[in-house]
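# Descriptive analysis of the structure
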There are 2 protein chains.
Amino acid sequence: MTRTITHKLDPQLDLVLERVVEVPPNLVWAAWTTPEYVKKWFTPAPWQTVECEIDLRPGGIFRTVMRSPEGLEFPNVGCYLEVIENQKLVWTAALKPGYRPQSAAGVPLFTAVILLEPHGAGTRYTAIAIHGDQEDAKKHADMGFHDGWGKALDQLVALAKKM
Amino acid sequence: MTRTITHKLDPQLDLVLERVVEVPPNLVWAAWTTPEYVKKWFTPAPWQTVECEIDLRPGGIFRTVMRSPEGLEFPNVGCYLEVIENQKLVWTAALKPGYRPQSAAGVPLFTAVILLEPHGAGTRYTAIAIHGDQEDAKKHADMGFHDGWGKALDQLVALAKKM
């Protein structure tokens, strides 16, 4: 059984951030999979990630709580689907831990695919948000996917350089 | 990375069929993962499974079309999550192939876990349907989960004996 799947992108439904960053895949991986690191980079300032829980295996939990500048908290619970160290991380908001179906509560449900490839001394970083319909994709784009994920990636890189 | 996860059952949300059958795990596996076999056992007669498409890997498609005795057709598209030959098969209706979120269209969304363990010359067979809320679990129970999945298993065993 091969774990690699080809993600056929659908430009109507998928949002993609691709960039080459100066830090190697293993540090990007550590930033994505260590709760203490995630809390430091995951949400663009002045938003904060105040809680993070990770059970790094297919079916395991990926939970965060984001706090707005006004102090409102937004919990997110998702489920890991694929975990290939230093290469690929997939999780979805459409399932709770243990693969339990989860319905949307006003927010666009998406599956996230993070792909890491060595690129010189750095990493070719690809983040894909996969949506079920155009409405969710548009909502996510309007919420600032590109700007938000880009700024968060800047924070990740700054953190990784200090690791 | 271990692929085995413990499925913590929730009696309010999960439906379980457990039985020891006389055919070995590899034949049960073949019946579940070969389209031509699935069409022969998957729906209790007089219902029929008239189409089946299988791409047996995490992220791959599991698609069936069921036909009622009156000739109405009911398509189902799901996504495999775990594929461990002769031991464990997990797929969900909450995602389309490629892990794309899928919303319910009036039917209860569930994730199915099929566990196979050798038991003498046969198999300890466990099928679990995992739901997101009590309403979906009840709907699925009322649709005849236990009777339906039990009859389908009888058909699977009869088929496996002829393999």
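As a starting point, this report considers the structure included with it.

Definitions and limits used
- The numbering scheme is per chain: residues are counted from 1 as the chain's sequence reads.
- Chains and ligands are labelled sequentially in the order written, the chains with letters from A and the ligands with numbers from 1.
- Since the coordinates come from a predicted model, pLDDT governs what is reported: local features require at least 70, and pairs of side-chain atoms require 80 or more to be given and counted, while whole-chain, interface and lining totals use all residues.
- By convention in this description, side-chain values take in all heavy atoms of the structure and omit both hydrogens and water.
- In DSSP terms, a helix is any run of H or I states spanning at least four residues, a strand is any run of E spanning at least two, and both are numbered starting from the N terminus.
- For each residue, the accessible area found with a 1.4 Å probe, counting protein chains only, is set against the maximum for its type, and the residue is called buried under 20%, exposed over 50%, and partly exposed in between.
- Should any heavy atoms of two residues lie within 4.5 Å, those residues are counted as being in contact.
- All accessibility values rest on the Shrake-Rupley procedure with a 1.4 Å probe; residue burial counts only the protein chains present in the view.
- By the counting rule applied here, Lys and Arg register as positive and Asp and Glu as negative, while His and the ends of each chain are not counted.
- Lysine's charge is taken at NZ, arginine's at CZ, aspartate's at CG and glutamate's at CD.
- When DSSP finds two or more bridges between a pair of strands, those strands are recorded as paired.
- Any Lys or Arg side-chain nitrogen found within 4 Å of a carboxyl oxygen on Asp or Glu counts as a salt bridge.
- It is the directions from the helix axis to the C-beta atoms whose arc is reported.
- For every element, the axis is a line fit to its C-alpha atoms; helices are fit only across the contacting stretch, and the angle between N-to-C directions ranges from 0 to 180 degrees.
- We call a pair of cysteine sulfur atoms a disulfide when they lie within 2.5 Å.
- Classification of ring pairs uses Phe, Tyr and Trp, with its six-membered ring standing for Trp, and accepts pairs whose centres are within 6.5 Å; under 30 degrees between planes counts as stacked, over 60 as edge-to-face, and the remaining range as tilted.

## Section: the overall build of chain A
Secondary structure summary: chain A contains four helices and nine strands in total. When the elements of chain A are put in sequence order from the N terminus, they spell out β-α-α-β-β-β-β-β-β-β-β-α-α. Taken over the C-alpha atoms alone, chain A extends approximately 45 × 40 × 30 Å along its principal axes. The proportion of buried residues among the 163 residues of chain A is 50%. For chain A, the share of sequence-separated contacts (at least 6 apart) that also reach a separation of at least 24 residues comes to 49%. A total of about 7800 Å² of accessible surface is found on chain A, and carbon and sulfur atoms cover 53% of it. Counting 17 positive and 19 negative side-chain charges, chain A places the averaged centre of each group 4 Å from the other.

## Digging into the pairing of strand β2 (residues 48-54) of chain A
Residues and elements named next belong to chain A. Relative to strand β3 (residues 61-67), β2 is paired through six bridges, and the arrangement is antiparallel. Note that in β3 the partner of Cys52 across the bridge is Thr64. What sits between β2 and β3 in their antiparallel hairpin is a turn of six residues, with Gly59 showing a positive phi close to 95°.

## Focus: the pattern of salt bridges
Residues and elements named next belong to chain A. The full count for this structure, using the stated rule, is 24 salt bridges over all chains. Notably, a salt bridge pairs Glu36 with Lys39, separated by 3.4 Å at the nearest N-O pair. Highlighted residues: Glu36 and Lys39, both in helix α2 (residues 35-41), separated by three residues, approximately one helical turn. On the accessibility criterion, Glu36 (49% relative accessible area) is partly exposed. Note on Lys39: relative accessible area 30%, which makes it partly exposed. Residue Glu53 pairs with Arg63 through a salt bridge whose shortest N-O separation is 2.8 Å. Here Glu53 is found in strand β2, whereas its partner Arg63 is found in strand β3, with ten residues between them in sequence. Here the residues in one salt-bridge network are Glu51, Glu53 and Arg63, joined through shared partners.

## Digging into helix α3 (residues 134-142) of chain B
Residues and elements named next belong to chain B. Among the residues of α3, those classed as buried are Asp136, Ala137 and His140. Angular distribution of buried residues about the axis of α3 spans 100°; they occupy a single face of the element. Across α3 from its buried face, at more than 90 degrees, point the exposed residues Glu135, Lys138 and Asp142. In this structure, the buried residues of α3 make contact with β1 (14-21), β8 (110-119), β9 (122-131) and α4 (145-161). One or two steps after α3, the chain reaches Gly144, where phi turns positive at roughly 95°.

## Describing the sheet that holds strand β4 (residues 73-84) of chain A
Residue and element names in this part refer to chain A. Strand order in the open sheet formed by seven strands is β1-β9-β8-β5-β4-β3-β2, with antiparallel pairing between adjacent strands. A single partner strand is all that each edge strand has here, and the edge strands are β1 (14-21) and β2. Each adjacent strand pair in this sheet contributes to an overall mean axis angle of 20°, direction not counted. Taken together, the five bridges between β4 and strand β5 (residues 88-92) define a ladder with antiparallel strand orientation. If you follow Ile84 over to β5, its bridge partner there is Lys88.

## Here we look at the state of the cysteines
Here the structure, examined in full by the defined rule, presents zero disulfides over all chains. Distance from the sulfur of Cys79 of chain A, which forms no disulfide, to the nearest cysteine sulfur (Cys79 of chain B) is 12 Å. Look at Cys79 of chain A and you get buried, because its relative accessible area is 0%.

## Points about the environment of Ile130 of chain A
Inspection of the secondary structure puts Ile130 of chain A in strand β9 (residues 122-131). Linking Ile130 of chain A and Cys52 of chain A, residues 78 residues apart in sequence, is a C-alpha distance of 22 Å.

## Focus on the packing of aromatic side chains
All names here are of chain A. This model, assessed by the stated rule, comprises 20 aromatic pairs over all chains. Between Trp32 and Trp41, the aromatic rings sit 4.9 Å apart at their centres with planes inclined by 75°, giving edge-to-face as the arrangement. Given a relative accessible area of 3%, Trp32 falls into the buried group. Between Phe62 and Trp91 the ring centres are 5.1 Å apart and the planes differ by 80°, which places this aromatic pair in the edge-to-face class.

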